[in-house]
Amino acid sequence: MNVALKWQSLPGSALDAEQLGHLASSCLKLEVETYPKPGLVSHVDNGAHGDMDAELLRRSAETLKPFFSDLAAAGAEGAGMNRLRAIGVAAERAMLAATRGVNTHRGAIFGLGLLCAAAGYRGALGVRKSLGDLVSRRWDKDILSGPISLRSHGAVASRRYGAGGARAEAAHGFPSVYDIALPALHAARKLVLHDEEAVRIQTCMTLIADVTDTNLLHRGGPEGLSFAQASASAFLAAGGIGSAGWRRRAVDIHHAFVARNLSPGGSADLLAMALFVDRLER
């Protein structure tokens, strides 16, 4: 499946709420159309997931499109966290209805949704701050003091292992997006030309190597997280996508994650967020 970002506006220019929702949904679909990503669902296989496949993730991403637009419109109107949270709850309800109860994109609704709201706010005011900075400045206290989902595996792992998780990531302006994913994305484009799938793989590997992914902690505990980080770090140390035979090594790592039932879902969400930010802040 070919997913393309086709907006003709100049880099960094404001998109309207409908376009921002389309962009957010397309970034989720691009994440699916990336293989191999260790342990994650793609258009090739289901990774370490027995309850979802690529078609389910595409359906989920399409279902969320109008809610991302609603979040962007609410941000443009200066909405507070209560309104954003209500849209997010409605989005999660629609996602679960579309997937028959499978949590495909709960983390993305939260993180990508906040970035949509920030993009709408920035477009309405014409300010030049980064989306992450706007999220942190406008909603950080509400993010940290808001209700904690008892159903979220990431939240459970955060409490058990003391990891910051998605809430801390958002409240601090998405440092994993700005300090890890975006530099990796830009560097990867210098390693290979005209292969955006390879660029996404390199970025995903960098996130796995450097982020304390609570989904990995949930599935594998500290040992699973350590294995995942070491595997991705070794791939990068060997030259990543800039080295001969890199794809075979990436496939081997993918299969090793599947064998251990490891899936870095947090890194997948951060990859989609980085694609979104990259489109708007080039």
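Residues numbered from 1 in each chain as written. Predicted model: local features only at pLDDT ≥ 70, side-chain atom pairs only at ≥ 80, totals over all residues. Heavy atoms only, no water.

Concerning the environment of Gly113
Then comes step 1: Here Gly113 is to be found in helix 4 (residues 106-125).
Then comes step 2: In this structure Gly113 comes out as buried when scored by relative accessible area, which is 3%.
Then comes step 3: Residues Gly113 and Leu71 lie 42 residues apart in sequence; the distance between their C-alpha atoms is 6.3 Å. (Helix = DSSP H or I, 4+ residues; strand = E, 2+ residues; numbered from the N terminus. Buried < 20%, exposed > 50% of the residue type's maximum accessible area, 1.4 Å probe, protein only.)

Topic: unusual backbone geometry
Backbone phi values are negative for most residues with the exception of glycine, while trans is the configuration of most peptide bonds.
Then comes step 1: Residues Tyr35 and Pro36 are joined by a peptide bond in cis, for which omega reads 0 degrees.
Then comes step 2: Mapped onto the elements of the fold, Pro36 is located in the loop between helix 1 (17-32) and helix 2 (54-76).
Then comes step 3: A positive phi angle, near 60 degrees, is found at Arg100, a position not held by glycine.
Then comes step 4: If you trace the backbone, Arg100 turns up in the loop between helix 3 (81-99) and helix 4.
Then comes step 5: In this structure, Phe174 takes a positive phi of about 60 degrees despite not being glycine.
Then comes step 6: When you line up the elements, Phe174 lands in the loop between helix 7 (165-171) and helix 8 (175-191).
Then comes step 7: For Phe174, a relative accessible area of 2% gives the class buried.

Comments concerning the confidence of the model for the chain
Then comes step 1: Scored by pLDDT, the chain has a mean of 91; 89% of the residues are at 70 or more.
Then comes step 2: Below a pLDDT of 50 lies the segment residues 4-13, which in the model reaches 15 contacts outside its immediate sequence neighbourhood of four places, other chains included. (pLDDT = per-residue confidence, 0-100. Contact = heavy atoms within 4.5 Å.)

Quick notes on the side chain of Ser25
Then comes step 1: Among the secondary structure elements, Ser25 is positioned in helix 1.
Then comes step 2: In this structure Ser25 comes out as buried when scored by relative accessible area, which is 0%.
Then comes step 3: If near-sequence neighbours (up to four positions away) are discounted, Ser25 is found in contact with Ala61, Glu62, Lys65 and Phe68.

Topic: the packing of aromatic side chains
Then comes step 1: Under the counting rule described, the total for this entry stands at 1 aromatic pair.
Then comes step 2: Seen from their ring centres, Phe227 and Phe257 are 6.0 Å apart, and the 50 degrees between their planes marks the pair as tilted. Note that Phe227 is positioned in helix 10 (residues 214-237) and Phe257 in helix 11 (residues 246-259), a separation of 30 residues in sequence.
Then comes step 3: Owing to a relative accessible area of 24%, Phe227 belongs among the partly exposed residues under this scheme.
Then comes step 4: Here Arg138 stacks its cationic end above the ring of Tyr121, 4.2 Å away from the centre of that ring.
Then comes step 5: Over the face of the ring belonging to Phe227 we find Arg260, whose NZ or CZ atom lies 3.9 Å from the ring centre. (Phe/Tyr/Trp six-rings, centres within 6.5 Å; stacked < 30°, edge-to-face > 60°. Lys NZ or Arg CZ within 6 Å of the ring centre and 35° of its normal.)

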